[in-house]
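Overview (structure and organization)
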Amino acid sequence: AAIYRAGAFGRRPKVPTDGTRLEAAARKVMSRRGFAYVAGSAGSEASADANVTAFARWRVVPRLLVDTTERDTSVELFGRRHESPLLVAPVGVLSMADDEADLAVARGARDQHVTQILSTQASVPMEDVARALGGSGHWYQLYWSSDDDLVESLVSRAEACGSEALVVTLDMAYLGWRPRDLDLGHLPFARGEGIAQYTSDPVFQRLVRERVAAAAATPAARPRPTAGAVSTLVAMSRNHPGDTRRNLTAPEPRAAVETFLDVFSRPSLTWDDLPRLRSLTSLPIVLKGILHPDDARRALDAGVDGIYVSNHGGRQVDRSVAALDALPGVVEAVRGAGSSAPVIFDSGIRCGADIFVALALGATAVGIGRPHVYGLALAGAEGVSEVLRNLRAELDLQLALTGCTSLADLSPERLVRAC
Ligand code: FNR
């Protein structure tokens, strides 16, 4: 009602309320590279398309004559009640959408009481974002580095700055084949973008210094800085003086990019590595990227606290199963194992009805990915806030119009499969 009323009094929204128009509007204001990076996905882009069309196969069946004047959209996750079942999905290299990047997302998320999951590929160090969030709650997303000390350092920093859960993204052993970026010759990390979490890390800085010292010892192999990497790091240091300028001096920016490319992932990772992570932290651990029921069962056996169904917005595996199509099987595996662990879902959520469908199919909460980035590109923190507000309002209205008073009312019986 507040949104309609604001419109009636002449307040123009900052972002379109419809997901397709939101993307189209963001495309107009973003750089070609920035939009390609955010909108693009793997290979034929069939996975990203499937994520969205999977929702279209479900239809909602409303129930009538239920008093819906009081509605509760809150959900409990790891001992904390969240006002809504929305989370801001971890998204790296937000500097491509807005100079204030993760800090603007933090302000927008805080405004809507939505927990932000801070990315390991962030443009701003986690401590600065945590400060901007002012204690309103965040989770940290980890890419499992090939360097043990770096993993330990990132996890302990996440704990120290107040992260409430650790989301470990497992579908990024290698960066996906992304034609839009490949055709533009664009890899943001190779330009030093999205590596602030690393350049602000003491272990990473040690690795960089060791690399510089090794190169100095063998002058023939000394790397020459590329203009791209250095100028981007210098630009980053202007935006976030606490990060690069303090931590890196010439010739370290180039070495930082090379070190990052060496350590950012660990393709040799197996289930046998999970106990080590478990021993590193008492934070709840959530595994992101689960699409197979057996992987969900293995995760629970390994003692993880939450399952995150996602295909990374279709950015990794081409012709992947749509995340929504994988959701019911994973939910069945988790509940069938007698576990009450939350099942988080993302990949394809574009409107309130999508959230309704994902929750009805058993998700406990959902991650909002690209839509919040488009809001960020269009109107900074206010844009992020508006996108989240719209989704929250749409979900709330959908509950009211279908005879639901709380998320507990949502179940597969609320849906029919259209085809
Ligand atoms: C992502 N995603 C992602 N996931 C993650 O665990 N760490 C990360 O750093 C990133 N970075 C990232 C950048 C961009 C530009 C996008 C679009 C996505 C994946 C993200 O968390 C989420 O799984 C997807 O965005 C969900 O798909 P939709 O709904 O955005 O299409």
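The structure displayed is predicted, hence computed values, not measured ones. As a convention, each chain's residues are numbered from 1 in the sequence order in which they are written. Where local features are concerned, this predicted model is filtered to residues with pLDDT of at least 70; where side-chain atom pairs are given and counted, the filter is 80 or more; whole-chain, interface and lining totals use all residues. Heavy atoms from the whole structure form the basis of all side-chain values; hydrogens and water molecules are not counted.

**A short note on the overall build of the protein chain**
Using the following cut-off: Only DSSP runs of H or I covering at least 4 residues are called helices, and only runs of E covering at least 2 are called strands; the numbering of each starts at the N terminus. A radius of gyration in this sense is built from C-alpha atoms; the matching globule rule multiplies 2.2 Å by the number of residues raised to 0.38. For every residue, the accessible area (1.4 Å probe, protein chains only) is compared with the maximum for its type, and the residue is labelled buried under 20%, exposed over 50%, or partly exposed between those bounds. Any two residues whose heavy atoms approach within 4.5 Å at even a single point are treated as in contact. Exposure was quantified through the Shrake-Rupley algorithm and a 1.4 Å probe, taking into account, for residues, occlusion by the shown protein chains and nothing else.
Summing up its helical and strand segments, the protein chain has 18 helices and 12 strands in all. For 419 residues, the compact-globule formula gives about 22 Å, and the C-alpha radius of gyration of the protein chain, at 21 Å, lands near that figure. Counting only C-alpha atoms, the protein chain reaches 80 × 55 × 40 Å along its principal axes. Burial status across the protein chain gives 54% buried among its 419 residues. Here the contacts in the protein chain between residues at least 6 apart in sequence split such that 76% fall between residues at least 24 apart. Per element, the accessible surface of the protein chain, about 17800 Å² overall, is 52% carbon and sulfur.

**Brief notes about helix α16 (residues 323-336)**
Operational definition: Expected span, for any helix, means 1.5 Å times one less than how many residues it has.
For α16, which comprises 14 residues, the first-to-last C-alpha distance of 20 Å matches the rise-based estimate of 20 Å (1.5 Å per residue) to within 8%. Burial in α16 covers these residues: A323, L324, A326, L327, V330, V331, A333 and V334. Once α16 ends, the next one or two residues include G338, with phi positive near 75°.

**Observations concerning the packing of aromatic side chains**
What counts here: Between 30 and 60 degrees the pair is tilted, below 30 it is stacked and above 60 it is edge-to-face, where a pair is any two Phe, Tyr or Trp rings, Trp via its six-membered ring, whose centres lie within 6.5 Å. Note on criteria: charge over ring means Lys NZ or Arg CZ within 6 Å of the ring centre, with the direction from the centre no more than 35 degrees off the ring normal.
Summed over all chains, the structure comprises 8 aromatic pairs. Ring centres 5.6 Å apart and planes at 65° place the aromatic pair Y198 and F204 in the edge-to-face group. Neither Y198 nor F204 differs from the other in exposure class; each is buried. Taken together through their ring pairs, the aromatic side chains of Y143, F189, Y198, F204, F260 and F264 make up a single cluster. The ring of Y308 has K288 lying over it, and the distance from NZ or CZ to the ring centre is 5.3 Å.

**A short note on the packing of helix α10 (residues 202-217) against helix α13 (residues 252-263)**
Packed helices, taken two at a time, are described by the angle their axes make and the gap between the axes. The criterion, for reference: Each axis is a line fitted through C-alpha atoms, and for a helix only the stretch in contact is used; angles between axes span 0 to 180 degrees, taken between their N-to-C directions. Put simply, angles under 35 degrees are roughly parallel, angles over 145 are roughly antiparallel, angles from 65 to 115 are roughly perpendicular, and the rest are oblique. Note on convention: near helix rotated counterclockwise from far helix by under a right angle means a left-handed crossing. Clockwise means right-handed. For this classification, the nonpolar set comprises Ala, Val, Leu, Ile, Met, Phe, Trp, Tyr, Cys and Pro, the charged set comprises Asp, Glu, Lys and Arg, and every other residue, Gly included, is treated as polar.
It is at 9 Å that the axes of α10 and α13 come closest, and there the two elements cross at 115°. The orientation of α10 relative to α13 falls into the category roughly perpendicular. When the axes of α10 and α13 are compared, the crossing they make is right-handed. Facing α10, whose interface residues are F204, L207, V208, R209, R211 and V212, α13 presents E252, A255, A256, E258, T259, F260, D262 and V263. Split into classes, the residues belonging to the contact of α10 with α13 amount to 8 nonpolar, 1 polar and 5 charged.

**What to know about the site of the ligand**
Formally: Think of it this way: one heavy atom of a residue within 4 Å of a molecule or strand is enough to make that residue near it. We call two N or O atoms a polar contact when they sit within 3.5 Å, provided that within protein one can donate a hydrogen and the other can accept it, with sequence-adjacent residues counted only if both atoms are side-chain atoms.
Inspection of the region around the ligand gives 23 residues, with P90, S119, T169, R350 and R370 positioned closest. P90 places a main-chain nitrogen or oxygen 2.7 Å from an oxygen atom of the ligand. Note that a nitrogen atom of the ligand is positioned 3.3 Å from one of the side-chain N or O atoms of H312. The protein chains hide 99% of the 600 Å² of surface that the ligand would expose on its own.

**Regarding the state of the cysteines**
What counts is decided by this rule: Pairs of cysteine sulfur atoms within 2.5 Å are identified as disulfides in what follows.
In total, this model carries 0 disulfides according to the counting rule given. No disulfide involves C404; its nearest neighbouring cysteine sulfur is the one of C351, lying 16 Å away.

**As for the nonpolar core**
As a reminder of what qualifies: Only buried residues count toward a nonpolar core, which is a set of Ala, Val, Leu, Ile, Met, Phe, Trp, Tyr and Cys residues joined through side-chain atoms within 4.5 Å.
Ranked by internal contacts, the top residues of the largest apolar core, which has 118 residues, are I307, L324, L327 and F345. With residues near it in sequence (within four places) discarded, I307 still touches V286, L287, I290, A296, A299, L300, V330, V334, P342, V343 and I344.

**Re unusual backbone geometry**
Residues other than glycine predominantly adopt negative phi, and peptide bonds predominantly adopt the trans conformation. Positive phi values are uncommon outside glycine, yet H312 reaches one of about 65°. Positionally, H312 belongs in the loop between β9 (306-309) and α16. Take H312: its relative accessible area is 12%, and that puts it in the buried class. Look at S347: it is not a glycine, yet its phi comes out positive at around 100°. Relative to the helices and strands, S347 is located in the loop between β10 (343-345) and α17 (352-360).

**Some details on the pairing of strand β11 (residues 365-368)**
Inclusion rule: Two strands qualify as a pair provided that DSSP identifies no fewer than 2 bridges between them. A crossover counts as right-handed when, viewed with the strands pointing away from the observer, the path leading from the first strand over the helix to the second turns clockwise.
Here β11 shows a buried face lined by A365 and G367 and a second buried face lined by V366 and I368. As judged from the 2 bridges shared by β10 and β11, these two strands associate in the parallel manner. Paired with I344 across the strands is A365, a residue of β11. A crossover links β10 with its parallel partner β11, the connecting element being α17, and its sense is right-handed.

**Observations concerning the sheet that holds strand β7 (residues 163-169)**
If you walk around this closed barrel you meet the 8 strands as β4-β5-β6-β7-β8-β9-β10-β11, and the pairing is parallel. Taking the axes of each pair of neighbouring strands and ignoring which way they run, one obtains an average angle of 30° across the sheet. Inspection of the sheet shows strand β8 (residues 285-290) paired to β9 by 4 bridges, in the parallel sense. Note that in β9 the partner of I290 across the bridge is V309. Sitting on the sheet, helix α6 (residues 126-133) touches β5 (115-118) and β6 (138-142), and the angle it makes with β5 is about 175°. Packed on one face of the sheet, helix α15 (residues 293-301) meets β8 and β9 and runs near 165° to β8.

**Considering the pairing of β9**
Going residue by residue along β9, you find G306 and Y308 tucked away on one face and I307 and V309 tucked away on the opposite face as well. Remark: the β9/α16/β10 crossover connection has right-handed handedness.

**A word on the packing of helix α2 (residues 19-29) against helix α18 (residues 370-401)**
Following both chains from N to C, one finds α2 and α18 inclined at 95°, their axes separated by 8 Å at the closest point. Taken together, α2 and α18 sit at an angle that is classed as roughly perpendicular. Touching L22, E23, A25, A26 and V29 of α2 are P371, Y374, G375, A377, L378 and V387, all from α18.

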